[in-house]
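Structural description and commentary
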Amino acid sequence: MKRRHILCGLLLLSITFLIIQSYLFLYLYPAITKKENIEAIVKTLQLANIDIFLTDPHILKKVVQPELRTKSSSCSFLCHDEPVTWFGIHGNSIALYKQSSVKQTLEENRFIVREIFQQQTWPQGGAGVVANDDSNVEALGTTLTHILINRERYTVCISVFFSRGQHVFSYLWHHKLPIADLNELPWQLLSSDLQMLHFPGAYDKFCCRFEMVKVSLDGVSVLAARYPGSYLHQVSAATFIECNGTRAKQFF
């Protein structure tokens, strides 16, 4: 009988301890919202003087179409059902990112940061960054093309946009996400609605200083295309197919 009482007492004590532990965990580490994740990431890059701009079509559609906004006074733009939110930085910011403590700061705040490096090539006599299997290119090693940042069940993908072309024909280009690398990550959150990340993409230079404006979305200040409707139109047709320089020369 005494043994039974002792076991019951120990069981109750264990349950009480678990309840107290769970309460303390929830009190000390409350659930992180998507807005809080995005705000922390954006501010961390901005403090490092890195211009981060919004490229996510789900959010920009809400700017153009008010009826799509979430019925929430605190998160009507940034909150959506997709597990991935898409941002961009310019290729000129890579050196600044490497010199900064952005990754370390994010990891100290319980983010998981995955940097994606991919092979880059430069066409002979051409301008811009190229990534293809054309024989008429010179390899320049690897460069940062995407940064995947995850905390809890939310992921932010930051793509690096490189300037390509010359003069009035210049445009911005991003590499595709390497699916093989994504499969190795602990989160499988690449949305089917972000198919543009499966392929290289080309866009007009909406991120030039005269084409980009600072906007405040749910209290988060970030750069975005001055004309989001025009950018959204580009997203649907942004898939980039690299020209084979060798075959082009043979043709002409």
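What follows deals with the overall build of the protein chain. Looking only at helices and strands, one finds eight helices and nine strands in the protein chain. Every one of the 252 residues in the protein chain was classed for burial, and the buried ones make up 42%. Residue pairs at least 24 apart in sequence account for 69% of intrachain contacts in the protein chain once pairs closer than 6 positions are excluded. Carbon together with sulfur atoms contributes 58% to the accessible area of the protein chain, which is approximately 14800 Å² in total.

In this section: the pairing of strand β5 (residues 154-164). In terms of residue burial, β5 counts as a mostly covered element, since 10 of its 11 residues are buried. Sheet topology places strand β2 (residues 84-90) next to β5; seven bridges connect them, and they run parallel. Across the sheet, the residue bridging to Val 84 is Thr 155, located in β5.

Inspection of helix α3 (residues 57-64) places Pro 57, His 58, Ile 59, Leu 60 and Lys 62 among the buried residues, and these make up the whole buried set. Of the residues that open α3, the one with a side-chain oxygen 2.9 Å from the backbone nitrogen of His 58 is Asp 56.

Below, the discussion takes up empty space enclosed by the protein. Taken as a whole and judged by the stated rule, the model has one cavity of 30 Å³ or more. Space inside the largest cavity adds up to approximately 30 Å³. The wall of the largest cavity is formed by Lys 34, Asn 37, Ile 38, Pro 83, Thr 85, Tyr 154, Thr 155 and Val 156. When residues of the lining of the largest cavity are traced back to their parent elements, those giving at least two are α2 (34-47) and β5. Of the residues in the lining of the largest cavity, the class split is four nonpolar, three polar and one charged.

This paragraph deals with the side chain of His 175. Relative to the helices and strands, His 175 is located in the loop between β6 (171-174) and α6 (179-182). For His 175, a relative accessible area of 9% corresponds to the buried category. Within the structure, the side chain of His 175 is placed 3.0 Å from the side chain of Gln 118, a separation counted as a polar contact.

With that out of the way, let us pick up the state of the cysteines. Scanning the model with the defined rule gives one disulfide in all. In this model, Cys 75 is linked to Cys 79 through a disulfide, with the two sulfur atoms separated by 1.8 Å. Between Cys 75 and Cys 79, the disulfide has an S-S torsion of 100 degrees and is therefore right-handed. Given a relative accessible area of 5%, Cys 75 falls into the buried group.

As a packed pair, α3 and helix α7 (residues 228-235) sit with axes 9 Å apart at the nearest point and diverge in direction by 140 degrees. The pairing of α3 with α7 is recorded here as oblique in orientation. Judged by the twist between their axes, the crossing of α3 over α7 is left-handed. Contacts between α3 and α7 involve Pro 57, Leu 60, Lys 61, Val 63 and Val 64 from the former and Pro 228, Gly 229, Tyr 231 and Leu 232 from the latter. Taken together, the residues of the contact of α3 with α7 break down into seven nonpolar, one polar and one charged.

How each quantity is defined
Residues numbered from 1 in each chain as written. Predicted model: local features only at pLDDT ≥ 70, side-chain atom pairs only at ≥ 80, totals over all residues. Heavy atoms only, no water. Helix = DSSP H or I, 4+ residues; strand = E, 2+ residues; numbered from the N terminus. Buried < 20%, exposed > 50% of the residue type's maximum accessible area, 1.4 Å probe, protein only. Contact = heavy atoms within 4.5 Å. Areas by Shrake-Rupley, 256 points an atom, 1.4 Å probe, with all protein chains shown as cover. Pairing = 2+ DSSP bridges. Polar contact = N/O pair within 3.5 Å; in protein donor to acceptor, adjacent residues only side chain to side chain. 1 Å grid on protein atoms, 1.4 Å probe; cavity = no way out; pocket = protein on both sides within 12 Å on 5 of 7 lines; lining within 4 Å. Points joined across faces, edges and corners; volume = space filled by probe spheres on them. Nonpolar A, V, L, I, M, F, W, Y, C, P; charged D, E, K, R; others polar. Disulfide = S-S within 2.5 Å. Axes fitted to C-alpha atoms, helices over the stretch in contact; angles between N-to-C directions. Parallel < 35°, antiparallel > 145°, perpendicular 65-115°, else oblique. Left-handed = near helix turned anticlockwise from the far one by under 90°.

Interpretation in functional terms is not warranted from these geometric data alone.
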